[in-house]
Amino acid sequence: MTFLVPFDGSSLAEAALVRAVEFAKVFDEKVVAVSIIPLDDETYSQEKGWLATGDPFDRHAIVAHLHEQVTDLAPTVDFSHEFVGRYASSGSIALAIRKAAKEFDTSMLFIGSENAGRLVNSLASVGSQVTADQDYDVVIVRDRTPAKIERLKRVSPFRKEKSDFYLSQ
């Protein structure tokens, strides 16, 4: 079984990743962070902080940026990514996450969501579509600043085991 974290580099995604790592230690589970990347969308990639303003779309730079962000926070976590079309809807992104959940035999999905207090029902939210799947439990992370994120970065016993690889899709 696997704990899956949809990871877009946001502070909520970081918080969800930390929660998954904490749970994984207790339950002796594997953690996979998965990033869904719309192809050739410089504006979206710049808004997400994956590219600097004015930089052209570079899929390798984006994957490297997200992978580095994951391994800086949680070095032992596996990283996977998938590309979707430039104008992918939230439904397409949710479908890619659900597909990854099946592929990695996910038992729990940890998702950072600002609108969790509204039962993850925003039409623009990927969260409502991902949480609808009953093949896995869902942990919704709403707190951007768990105290343990910085502590985990400093004291992780896994700092020496940093992965330089990611799972290609």
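Every value quoted in this text rests on a predicted model; they were computed, and no experiment measured them. (Residues numbered from 1 in each chain as written. Predicted model: local features only at pLDDT ≥ 70, side-chain atom pairs only at ≥ 80, totals over all residues. Heavy atoms only, no water.)

Asks: Outline the nonpolar core, supporting the account with residue identities and numerical values.
Replies: Grouped together as the largest cluster of nonpolar side chains are 29 residues, with contacts concentrated most on Leu 17, Val 31, Val 77 and Phe 110. Elements supplying a minimum of two residues to this core: β1 (2-6), α1 (11-27), β2 (30-38), α3 (59-73), β4 (106-112) and β5 (137-141). With 8 residues, α1 is the single largest residue contributor to this core. Counting residues in each nonpolar core, the second largest holds 14 residues, with Val 84, Phe 104, Leu 109 and Tyr 136 among its members. (Core = buried A, V, L, I, M, F, W, Y, C linked by side-chain atoms within 4.5 Å. Buried < 20%, exposed > 50% of the residue type's maximum accessible area, 1.4 Å probe, protein only. Helix = DSSP H or I, 4+ residues; strand = E, 2+ residues; numbered from the N terminus.)

Asks: How would you sum up the pattern of salt bridges? Please name residues and give values.
Replies: If you walk through the whole model with that rule in mind, you get 2 salt bridges. Linking Lys 48 and Asp 8 is a salt bridge whose minimum nitrogen-to-oxygen distance equals 2.9 Å. With Lys 48 in the loop between α2 (42-47) and α3 and Asp 8 in the loop between β1 and α1, this pair connects stretches of sequence that are 40 residues apart. A relative accessible area of 24% means that Asp 8 is categorised as partly exposed. (Salt bridge = Lys/Arg side-chain N within 4 Å of Asp/Glu carboxyl O.)

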